[in-house]
Amino acid sequence: MNGPVLEAEHLTAGYGDAIVLEDVALAASCEGVALLGRNGAGKSTLIAALLGLAQVHSGTVRFDGHDVTRWSPQRRARAGIAWVPQERGIFPSLTVTENLTVVGRPGPWTLGRVHDLFPRLAERQRHRGGQLSGGEQQMLAIGRALMLNPKVLLLDEPFEGLAPIVVDELEDAIRRLVAEDVAILLVEQHVEKALALTAHAAVLDRGRLVWQGHSSALAADADRIATLMGFAAA
């Protein structure tokens, strides 16, 4: 299935009366979408609006064919929208297994399947969340989101502050998820990595969508990346 799973249509949103996003249209499919932009461009607000955590002034959020604009965050999560926040948000006092199973819902993603995706979690299943390294905590956060058996997974800067070898493992895992038709919206400052992991990309600047197209096309245009992001691709 390559059609849109989660869509924003002419979305204007913000916090209270303050408008951060204006007339944004974005669609996340099982091919993966990279959401890019400079700091302060509105990426976090768009994620919040998709999750039901920001004020929508106009436009529509559509999930799995349904208008969910007025749905609560809890209802969206139960329907199949999962979020891995930048802060990870694991439970430090619970074991790895407890972190995973406490939110588990019936579906194809089971404890064994998460262990297969992240063998480190199987090795450390009795360790408490607070005893894990940063990379292991990120794996746990993604695994916990998958245990919800979502239809779409929102990843907010999953590679931030992690060692290159851990980033490589996470990249491999994301490739597997995309190959297994998990719809992913990837927010990431590492532009080249984000583009390599997704089929489509969208760039925000000052709350507006300024570029949208195939990730491969943007990856091949270093000058455009430099213009859109304010720095040359690394």
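The structure under discussion appears in the preceding block.
In this text, all values refer to a predicted model and were calculated from it rather than measured experimentally.

Draft legend 1. Quick peek at the overall build of the chain. Looking only at helices and strands, one finds 10 helices and 10 strands in the chain. In terms of overall dimensions, the chain is globule-like: its C-alpha atoms have a radius of gyration of 17 Å, near the 17 Å expected for 234 residues. Here the chain holds 234 residues, and the buried ones make up 48% of them. Within the chain, residue pairs in contact and separated by at least 24 positions form 68% of the contacts whose partners lie at least 6 positions apart. As displayed, the chain offers around 10,500 Å² of accessible surface, 50% of which is attributable to carbon and sulfur atoms. Taking the average place of the 22 positive charges on the side chains of the chain and the average place of its 27 negative ones, the gap between the two points comes to 6 Å.

Draft legend 2. The layout of surface pockets, seen in detail. Its volume calculated, the largest pocket comes out at about 320 Å³. As for the largest pocket, its lining consists of 17 residues, and the residues nearest its centre are Ala-77, Ile-81, Ala-82, Trp-83 and Leu-148. Contributions of two or more residues to the lining of the largest pocket are made by helix 2 (73–79), strand 6 (81–84) and helix 6 (134–146). Tallying contributions element by element places strand 6 first for the lining of the largest pocket, with four residues.

Draft legend 3. How the structure looks around empty space enclosed by the protein. Taken as a whole and judged by the stated rule, the model has one cavity of 30 Å³ or more. Taken as a whole, the largest cavity holds about 30 Å³ of empty space. Those elements giving two or more residues to the lining of the largest cavity turn out to be strand 1 (4–15) and strand 2 (18–29). The leading source of residues in the lining of the largest cavity is strand 1, at three residues. Taken together, the residues of the lining of the largest cavity break down into six nonpolar, no polar and one charged.

Draft legend 4. Highlighting the pairing of strand 2. In this sheet, strand 2 lies alongside strand 1 in antiparallel orientation, the contact comprising eight bridges. What sits directly across from Gly-14, in strand 2, is Ile-19. In sequence, strand 1 turns back onto strand 2 through a hairpin of two residues, with Gly-16 there showing a positive phi of about 65°.

Draft legend 5. How the structure looks around the pattern of salt bridges. All chains considered together, the criterion is met by 14 salt bridges. Across the salt bridge formed by Glu-171 and Lys-193, the nearest N and O atoms sit 3.4 Å from each other. With a gap of 22 residues between them, Glu-171 in helix 7 (residues 164–179) and Lys-193 in helix 8 (residues 191–197) connect regions that are remote in the sequence. Since its relative accessible area comes to 8%, Glu-171 is described here as buried. The exposure class of Lys-193 is partly exposed, given its relative accessible area of 27%. Here Arg-224 ties to Asp-221 by a salt bridge, and the two come within 3.4 Å at their closest N and O atoms. For Arg-224, a relative accessible area of 38% puts it in the partly exposed group. By relative accessible area, Asp-221 is classed as partly exposed at 26%. Among the ionic contacts, a cluster of salt bridges with common partners joins Arg-120, Glu-123, Arg-124, Glu-136 and Glu-169.

Draft legend 6. Focus on the sheet that holds strand 7 (residues 152–156). Read from one edge to the other, the open sheet built from six strands follows the order 6-7-8-3-9-10, with strand pairing classed as mixed. Strands with a single pairing partner mark the edges of an open sheet, and in this sheet they are strand 6 and strand 10 (208–214). Geometrically, the sheet is characterised by an average inter-axis angle of 15° between neighbouring strands, direction not taken into account. As defined by bridge partners, strand 3 (residues 33–37) adjoins strand 9 (residues 200–205) across five bridges and the pair is classed as parallel.

Cut-offs and rules
Residues numbered from 1 in each chain as written. Predicted model: local features only at pLDDT ≥ 70, side-chain atom pairs only at ≥ 80, totals over all residues. Heavy atoms only, no water. Helix = DSSP H or I, 4+ residues; strand = E, 2+ residues; numbered from the N terminus. Rg over C-alpha atoms; globule rule 2.2 N^0.38 Å. Buried < 20%, exposed > 50% of the residue type's maximum accessible area, 1.4 Å probe, protein only. Contact = heavy atoms within 4.5 Å. Areas by Shrake-Rupley, 256 points an atom, 1.4 Å probe, with all protein chains shown as cover. Lys, Arg positive; Asp, Glu negative; His and termini not counted. Charge placed at Lys NZ, Arg CZ, Asp CG, Glu CD. 1 Å grid on protein atoms, 1.4 Å probe; cavity = no way out; pocket = protein on both sides within 12 Å on 5 of 7 lines; lining within 4 Å. Points joined across faces, edges and corners; volume = space filled by probe spheres on them. Nonpolar A, V, L, I, M, F, W, Y, C, P; charged D, E, K, R; others polar. Pairing = 2+ DSSP bridges. Salt bridge = Lys/Arg side-chain N within 4 Å of Asp/Glu carboxyl O. Axes fitted to C-alpha atoms, helices over the stretch in contact; angles between N-to-C directions.

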